[in-house]
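Descriptive analysis of the structure
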Amino acid sequence: MSKRTSLDVGVIGVGSMGRHHARVYSELSNANLVGVSDVDTEHARTVASKHETVALDMDDLLDRADAVSVVVPTQYHLSTAKACLSAGVAPLVEKPVVEDRSEGDELLSAREAAGTPVQVGHIERFNPAIRALMDIVPGLDVLSITAERLGPPPERTIDDSAVLDLMIHDLDIVLSLVDSDPVDVHSAGVRDNRHATATIEFDCGTIANLTASRLTQRKVRRLVVTAEECVVEVDYMDQSVEIHRQSVPEYIENNGDIKYRHESIVERPTVNRGEPLKNELESFVDAVATDSTPVVTVEDGLAALELARTIDDTATEQPTLDAVQ
């Protein structure tokens, strides 16, 4: 597709997340929101009216659009994405990209046959703090990565476990940071994996420890990279990065009391804060307009999915104490 100033775009599925895709597309200078589609036609009309576009059935939307966001339940990702590709329309498919590897292979084949870019909606890749982290990590000897993605039970019903709904974000980030293959995975979960932990060992020696929960009463979105040279802390919500270097332990005396403390140098790189979804959709539109490889490919989405499935399955198959003894 030749590059032009504005791309005709649409959204398939305008529920709790899809309506934000419609909002952002309506604000982008390089996109023209030509319509939205949803099985709930009345809701689609409401969203369309709010963003000065029209509600269409999917086939009509695909006739008008060059690119669309696919924000439907996961079980419909493959069929919807294949319909897009058959119509010559580039899809951004929300995470998890599909339900399993066999569906992933079908999507890869459909993408190759169509010759059309397909992006996967791993939004944290476009978080400004993670973008800053990506510039820092290549120069480090990384020992471990720790991630926490915690929060209280959501108001809406979510069928996926905390692993497939939440941890998968951090799995994608970890896989993008560690240039090595996972060789061992240990996991555990409670309450149908609504709270789960995982330890991943990589061939290069790096270890990742991740926790995801929809049962905690405090919202946390945090990632820590521990390296030989420093410790880098990322807060996804604040979009902040701190680098701790040259930690020096010492004992100090104060009024006869001996206290122990660590002194360290803390660097706070400048982070150009902004909305991750806007960054994501701008990148997608640019990839389609220039017919280039998206930042997050189908292969990336499948790598995160397969690791998430392994963690989810093994977390629910932990032996009881009686079985171990």
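Our structure is the block above this text.
**A look at the overall build of the protein chain**
Each helix and strand in the protein chain was counted, giving 10 helices and 13 strands. A globule of 325 residues ought to have a C-alpha radius of gyration of about 20 Å, and the protein chain, at 22 Å, matches this closely. Once the C-alpha set of the protein chain is aligned to its principal axes, its extents read approximately 80 × 50 × 35 Å. In the protein chain, which comprises 325 residues, the share counted as buried stands at 48%.

**Concerning the nonpolar core**
Counting 58 residues, the largest nonpolar core has Leu133, Leu223, Val232 and Val241 as its most contacted members. It is helix 7 (residues 162–177) that provides the largest number of residues to this core, a total of 10 residues. In contact with valine 241, other than residues within four places in its own chain, are Ala129, Ala132, Ile136, Val232, Glu233, Val234, Glu267, Arg268, Pro269 and Val271. Judged by nonpolar contacts, the second largest core, of 25 residues, contains Val14, Tyr25, Leu28 and Leu33.

**Brief notes about the packing of aromatic side chains**
A full pass over the atoms with the stated rule returns 0 aromatic pairs. The positively charged end of arginine 149 is found above the aromatic ring belonging to tyrosine 236, 4.6 Å away from the centroid.

**Structural notes on the state of the cysteines**
A covalent bond between the sulfur atoms of two cysteines is what we call a disulfide. The final tally for this structure, using the stated rule, is 0 disulfides. No disulfide involves cysteine 204; its nearest neighbouring cysteine sulfur is the one of cysteine 230, lying 16 Å away. The class for cysteine 230 is buried, based on a relative accessible area of 3%.

**Some details on the pattern of salt bridges**
Enumeration over the complete set of coordinates arrives at 18 salt bridges. A salt bridge links glutamate 27 to arginine 23; the shortest N-O distance between them is 3.7 Å. Note that glutamate 27 and arginine 23 are positioned in helix 1 (residues 18–27) at a spacing of 4 residues, about one turn of the helix. The partly exposed category is assigned to arginine 23, whose relative accessible area is 23%. A single network of salt bridges, built from pairs that share partners, joins Arg23, Glu27 and Glu275.

**Things to note about the environment of glutamate 52**
Position of glutamate 52 among the secondary structure elements: in the loop between helix 2 (41–50) and helix 3 (58–64). Assessed through its relative accessible area of 77%, glutamate 52 is described here as exposed. C-alpha of glutamate 52 to C-alpha of arginine 23: the two residues are 29 residues apart in sequence and 10.0 Å apart in space.

**Quick look at helix 8 (residues 276–289)**
The end-to-end C-alpha distance of helix 8 is 20 Å, a good match for the 20 Å that 14 residues give at a rise of 1.5 Å each. In terms of burial, helix 8 is largely enclosed, as 11 of its 14 residues are buried. Residues of helix 8 that are buried include every one of Pro276, Leu277, Asn279, Glu280, Leu281, Ser283, Phe284, Val285, Ala287, Val288 and Ala289, and no others.

**Observations concerning the pairing of strand 2 (residues 31–37)**
Taken across its 7 residues, strand 2 has 6 buried, putting it largely inside the fold. Where strand 1 (residues 7–12) meets strand 2, 6 bridges bridge the pair, whose relative direction is parallel. Within strand 2, the residue paired with leucine 7 across the bridge is alanine 31.

**Remarks on the packing of helix 4 (residues 77–86) against helix 5 (residues 101–114)**
In the contact formed by helix 4 and helix 5, the axes pass within 10 Å of each other and the chain directions differ by 5°. With respect to their mutual orientation, helix 4 and helix 5 come out roughly parallel. On the side of helix 4, the interface is formed by Leu78, Ala81, Lys82 and Leu85, while helix 5 contributes Glu103, Glu106, Leu107, Ala110, Arg111 and Ala114. A class-by-class count of the residues in the contact of helix 4 with helix 5 yields 6 nonpolar, no polar and 4 charged.

**A short note on the sheet that holds strand 1**
One open sheet holds the 5 strands; their spatial order is 2-1-3-4-5, and the pairing between them is parallel. In this open sheet, the two edge strands, each paired with only one partner strand, are strand 2 and strand 5 (119–121). Geometrically, the sheet is characterised by an average inter-axis angle of 25° between neighbouring strands, direction not taken into account. Relative to strand 5, strand 4 (residues 90–94) runs parallel, the two being bridged by 3 bridges. From the neighbouring strand, leucine 92 faces strand 5, where its bridge partner is glutamine 119. Against the sheet, helix 1 makes contact with strand 1, strand 2, strand 3 (67–70) and strand 4, and its axis sits at roughly 165° relative to strand 1, the strand it touches most. Of the strands in this sheet, strand 1, strand 3 and strand 4 touch helix 4, which is tilted by about 165° from strand 4.

Rules used throughout
Per chain, residues are indexed from 1 in the order of the written sequence. Note on the predicted model: pLDDT of at least 70 is required for a residue's local features to be given, and 80 or more for side-chain atom pairs to be given and counted; whole-chain, interface and lining totals, by contrast, use all residues. Water and hydrogen atoms play no part in the side-chain values, which are based on all heavy atoms of the structure. Think of it this way: any DSSP run of H or I at least four residues long counts as a helix, any run of E at least two long counts as a strand, and we number them from the N terminus. This radius of gyration counts C-alpha atoms alone. The globule rule is 2.2 Å times how many residues there are, raised to the power 0.38. Any residue under 20% of the maximum accessible area for its type is buried, any over 50% is exposed, and the rest in between are partly exposed; the area is computed with a 1.4 Å probe on protein chains only. Among the buried residues, those of types Ala, Val, Leu, Ile, Met, Phe, Trp, Tyr and Cys that are joined through side-chain atoms within 4.5 Å form a nonpolar core. Any two residues whose heavy atoms approach within 4.5 Å at even a single point are treated as in contact. Pairing of aromatic rings covers Phe, Tyr and the six-membered ring of Trp, with a centre-to-centre limit of 6.5 Å; geometry is then stacked below 30 degrees between planes, edge-to-face above 60, and tilted otherwise. In our convention, an over-ring charge means Lys NZ or Arg CZ found within 6 Å of a ring centre and within 35 degrees of that ring's normal. Cysteine sulfurs are considered disulfide-paired once they come within 2.5 Å of each other. The term salt bridge refers to a side-chain nitrogen of Lys or Arg lying within 4 Å of a carboxyl oxygen of Asp or Glu. What a helix should span is 1.5 Å times the count of its residues minus one. Strands are labelled as partners when DSSP assigns at least two bridges between them. The angle between two axes is taken between their N-to-C directions and runs from 0 to 180 degrees, where each axis is a line fitted to C-alpha atoms and a helix contributes only its stretch in contact. For classification, angles of less than 35 degrees are called roughly parallel, those exceeding 145 degrees roughly antiparallel, those between 65 and 115 degrees roughly perpendicular, and all remaining angles oblique. In this classification, Asp, Glu, Lys and Arg are treated as charged, Ala, Val, Leu, Ile, Met, Phe, Trp, Tyr, Cys and Pro as nonpolar, and every other residue, Gly included, as polar.

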